[in-house]
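Okay, here's what each chain looks like letter by letter:
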Amino acid sequence: MTSPAPNIHRDIPRIRQLDEAAINRIAAGEVVERPASAVKELVENAIDAGARRIEVAYAQGGKGLIRVTDDGWGMAAEDLPLALSRHATSKIDGSDLLDIRSFGFRGEALPSLGAVGRLTITSRREGAEAVRIAVTGGAPGPVTPAALNRGTVVELRDLFFATPARLKFLRSDRAESQAIGDVVKRLALAEPLVGFTLRDVSDGGEGRVLFRADAQTGDLFDALYGRVVSVLGRDFAENALKIEAEREGFGLTGFAALPTYSRGAAVAQFFFVNGRPVRDKQLLGALRAAYMDVLSRDRHPAAALFIDCDPHLVDVNVHPAKAEVRFREPGIVRGLIVSALRHALAGAGHRASSTVAGATLGAMRPEPSGPPRVYQMDRPSPRALNMSYAAQAPLTPPALSGAPSEAPLAQGFADPSARFETVAPAPEAEALPLGAARAQLHENYIIAQTERGMVIVDQHAAHERLVYEKLKRQMAERGVAAQALLIPEIVELSEGDIARLMEHEADLTRMGLTVEPFGPGAIAVRETPALLGEVDAGALIRDILDELADQGDSQTLQARLDAILSRVACHGSIRSGRRMRADEMNALLREMEATPLSGQCNHGRPTYVELKLSDIERLFGRT
C-alpha cells in the first residue's frame, strides 16, 4: 500500500502460457482447500462409479495419508492416464452442461490432487486385470500391473508437499479429522443405499473405526430413517417430523426436528439438491424462516432435507467446490420449504421433544454412592395402601384419646405448596394425550395423570402459546390494521433497491405497510402497521431491503408483528401464582391438545414434560 500503484510493474508485463504443472496447482487451490476437500472429491468419484461399499482411511488428519477404497466399476489400463488429464471425465459428454446427474463433471479432482501430493490409483474393471498408476507432484508414471479383486483404491500421501506454503494454513490434526468426519457423514446421508466406513490409521494397522453406516434397504423413507439414526443419532430420529411436499416441479422430502429439539449452533442442518450436499445460504435462510415463530434467535433448528427437481431447473456449476447451487426459481423453492415445514410443525400439535423428559429424569436421578442396592418389592395392594396411609397420618388429640376422628389428612402439617383435587375427573380423561389434572404445584405447575405416566405443565408458558396462536389466527382472518401517516415519510433509496422493494409491494401492503415510488431515487411510506405504534419507517424499509438482498425474501415485518402479538399474549395469559380449579386445569389441557405448536412456548421452550411410569419406577429402583 506504500506504492502509488502496487499492482503495476515498471516493465510492461507480457502474456505467457503457464505450464501444465502450474495450471494443475492453481486448480488445486480452488478444488482442494484442505484434506476434507480431497476426501469429498474421492468419495464422490466412488459413488459415481456405482460403489455400494466405501471405506475412507486417513492418517495425521489427512495430511499424511488419505485412502479411499470402493467396490465400483473400476477402470481399465487405457483409462488411467486419461483420468489424470484435466477436463477428462466419463460423466458428461459436454453437449448439455445443465443436464448433470452425477456428483462430479469437471474432471479436475484427480489431476489437481496429483499436482499437490503423491497420488496412487489402483483399479480393476470386471473382466480385466488390475492396474496401477502413480503421480508425484504432477508427473505421472507408467501404468503397471497390480493386485486387486475389484473396484478402485485411491491413495493420496503427503498432501501439499509440492506446495508447502499451503501446509502452514492447515489446522491441527484433530480439527482436520473432524472436517473429514463431517464430509463423510454428509455424503452418507446423501446415499443411504451405500455403506460407509471411516478409519483413523495414524497409529498403523487397521486403525480405529470412527464411523460406520451400513447400507440401508427398503423404500426411500425407511432407508433414509435408518441412515439418519446412524449419522444424526436416535434422539434426532425419534423427535423429527417426516417432510414430504411438492410444488411446481420441485419435491421436498426428509426429516425436520421438533422446535424443542433445537441446537445451540447450526451444526445439524443438512440440505441436498438432487442428492448433492450443499451449503446454500438461501436454503438455510428458508429453514430459519420456517422456525422463526417457534424458536428464539439463539437456538437453531435441526433438519435433513432433500430437494429434487429437473436438472435444468438448477445450476450446480456456480461454485468451485460445488457447495452452492443456483435455482432458476428460488422463490418457489423457498416457499416450498417454509410452507412444508410450517405445515408439518402445525400438524405435530402439542407434541414436544422426548429429550426434554430425558433431561428431566437425568436431573432427578441421584448420584450413585457405594455399591448399587438391589430392591425386591411388589406393588402394594389397595388394602395395604389404605393401612399405610392410616399409619402415616398425623396424630390428633381425638385420636390419642381413642375417640373417632373426622380431621382431614393434611391437618398437622405446615401450609402446603401443592394443592390436590378431591373430585376425580372422568376416567376417560386419562386416556387423552395430556391426561387428567390431579394437582397444582407452587401455583404454576399442573400435574396430570395419563395412562402411561404423568405430565407436568407450565401453566403460564402453555396459556401464553394458546393466546398467541389465537391472536395470530385473528390477524390472519381480519388482516393487519394499518395507520395512515399524517405526513408520508420519504425514504431515499437507489433505483435497484426501489425496484426490489416494489416487487414485494403486495405482500407489504397485506401486512399494513403501504409504500409507493416518489420520484427518482425515493419512495413514500404512507401507512404502517397499527400494532407497531410509532415506527422509524426508514430503518424498517432498510432492514427489509437487507433481508431481500441476502435471502430473496423478507420476514422482518412479519417478525416485528409476531413479536408484538407475543408480548400481548404474555401479558394476557394466566400468570404464575394463580390458583386454578380442576375444571380450569383440564380445560387448559384439552385446549393444548387441540392447538398447533402448543408443545413449546413462544421462545421454543417446552410447555410440558411427560414422564413415563416405567421411568419413574426406575428412579425408585422398582425395575
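Structure's up top.
Since we're looking at a predicted model, the values are computed, not measured.

(A) A look at the overall build of the chain. For the chain, the helix and strand inventory stands at 20 helices and 24 strands. Long-range contacts, defined here as pairs at least 24 residues apart, represent 68% of the contacts in the chain between residues at least 6 apart. A total accessible area of about 33,200 Å² is found for the chain, and carbon and sulfur atoms account for 53% of it.

(B) Fine view of the nonpolar core. In this structure, V43, I54, L119, I121, F196 and F236 are the most contacted members of the largest nonpolar core, which totals 63 residues. With eight residues, the top contributor of residues to this core is helix α6 (residues 173–190). In contact with F236, not counting residues within four places along its chain, are V228, F255, A257, Y261, A302, A303 and A304. The next biggest cluster of nonpolar side chains, apart from the first, holds 37 residues, and it includes A256, V273, I307 and V325.

(C) View of the packing of aromatic side chains. What the rule picks out here adds up to five aromatic pairs. Measuring from centroid to centroid gives 5.8 Å for F221 and F255, while their planes differ by 90°, and the two rings are edge-to-face. Taken together, the residues F221 in helix α7 (residues 220–232) and F255 in strand β11 (residues 250–257) connect sequence positions 34 residues apart. Per residue, the accessibility class of F221 equals that of F255, and both read buried. The interplanar angle of 10° and the centroid separation of 4.5 Å between the aromatic rings of F272 and F306 together place this pair among those described as stacked.

(D) Structural detail: empty space enclosed by the protein. Evaluation of the coordinates by the stated rule reveals two cavities of 30 Å³ or more. One number sums up the size of the largest cavity: a volume of about 50 Å³. D280, Q282, L283, A286, F327, P330, V333, R334 and I337 are the residues that line the largest cavity. Only α9 (281–290) and α10 (330–347) provide two or more residues apiece to the lining of the largest cavity. If one sorts the elements of the lining of the largest cavity by residue count, α10 sits on top with four residues. Looking at the lining of the largest cavity residue by residue, the class counts come to six nonpolar, one polar and two charged.

(E) Expanded view of the sheet that holds strand β21 (residues 482–492). Pairing in this open sheet of three strands is antiparallel, and the strands run β21-β23-β22 from one edge to the other. Both outer strands of the open sheet, β21 and β22 (514–517), are each paired with one neighbouring strand and no more. Along the sheet, successive strands turn relative to each other by an average axial angle of 20°, direction set aside. Its contacts with the sheet put helix α15 (residues 495–502) on β22 and β23 (522–529), and the angle it makes with β22 is roughly 135°.

(F) View of the pattern of salt bridges. Enumeration according to the criterion identifies 24 salt bridges in this entry. Between K472 and D293 there is a salt bridge whose closest N-O contact spans 2.1 Å. Of this pair, K472 sits in helix α14 (residues 459–478) while D293 sits in the loop between α9 and β14 (303–308), placing them 179 residues apart in sequence. Both residues of the pair, K472 and D293, count as buried. The partner of E593 in a salt bridge is R590, and the shortest N-O contact between them spans 3.0 Å. Of this pair, E593 and R590 both sit in helix α19 (residues 582–594), three residues apart, roughly one helical turn. Residue classification places E593 among the buried positions, given a relative accessible area of 19%.

(G) Focus on the pairing of β11. For β11, the buried fraction is high: eight of the eight residues fall into the buried class. Both strand β10 (residues 240–247) and β11 contribute to a ladder of eight bridges, which runs antiparallel. Paired with I243 across the bridge in β11 is G254. Counting the residues in the hairpin turn of β10 and β11 gives two residues, including E248, whose phi is positive at 45°.

(H) Looking closely at the sheet that holds β10. Taken together, the five strands give an open sheet; going across it, the order is β10-β11-β14-β12-β13, and neighbouring strands pair in mixed fashion. If you trace the sheet from one side to the other, it starts and ends with β10 and β13 (276–278), each paired once. The average angle at which neighbouring strand axes cross in this sheet is 20°, direction not considered. Pairing of strand β12 (residues 269–273) with β14, which is carried by five bridges, proceeds in the parallel orientation. In the strand pairing of β14, F272 is matched with F306. Lying on the sheet, α6 is in contact with β12, β13 and β14; it crosses β12 at an angle near 55°. Running at roughly 140° to β10, α10 makes contact with β10, β11, β12 and β14 of the sheet.

(I) Quick peek at the side chain of E593. A polar atom in the side chain of E593 sits 3.0 Å from the side chain of R590. Excluding residues within four positions of it along the chain, E593 makes contact with H350, L432, P433, L434 and G435.

(J) Layout of the side chain of D70. Mapping D70 onto the fold places it in strand β2 (residues 65–70). Of the side chains with opposite charge, R150 comes closest to the buried, unpaired D70, at an N-O distance of 7.5 Å. Look past the residues within four positions of D70 in its chain and what remains in contact with it is A46, A51, R53, I54, R150, G151 and T152.

(K) Focus on α7. If you check α7, its first and last C-alpha atoms are 17 Å apart, about what 13 residues at 1.5 Å a residue would give, namely 18 Å. Considered for burial, the residues of α7 that qualify are F221, A223, L224, G226, R227, V228, V229, V231 and L232. Once α7 finishes, G233 follows within two positions and takes phi at roughly 100°, a positive value.

Definitions and limits used
Residues numbered from 1 in each chain as written. Predicted model: local features only at pLDDT ≥ 70, side-chain atom pairs only at ≥ 80, totals over all residues. Heavy atoms only, no water. Helix = DSSP H or I, 4+ residues; strand = E, 2+ residues; numbered from the N terminus. Contact = heavy atoms within 4.5 Å. Areas by Shrake-Rupley, 256 points an atom, 1.4 Å probe, with all protein chains shown as cover. Core = buried A, V, L, I, M, F, W, Y, C linked by side-chain atoms within 4.5 Å. Buried < 20%, exposed > 50% of the residue type's maximum accessible area, 1.4 Å probe, protein only. Phe/Tyr/Trp six-rings, centres within 6.5 Å; stacked < 30°, edge-to-face > 60°. 1 Å grid on protein atoms, 1.4 Å probe; cavity = no way out; pocket = protein on both sides within 12 Å on 5 of 7 lines; lining within 4 Å. Points joined across faces, edges and corners; volume = space filled by probe spheres on them. Nonpolar A, V, L, I, M, F, W, Y, C, P; charged D, E, K, R; others polar. Pairing = 2+ DSSP bridges. Axes fitted to C-alpha atoms, helices over the stretch in contact; angles between N-to-C directions. Salt bridge = Lys/Arg side-chain N within 4 Å of Asp/Glu carboxyl O. Polar contact = N/O pair within 3.5 Å; in protein donor to acceptor, adjacent residues only side chain to side chain. Lys, Arg positive; Asp, Glu negative; His and termini not counted. Expected span 1.5 Å × (residues − 1).

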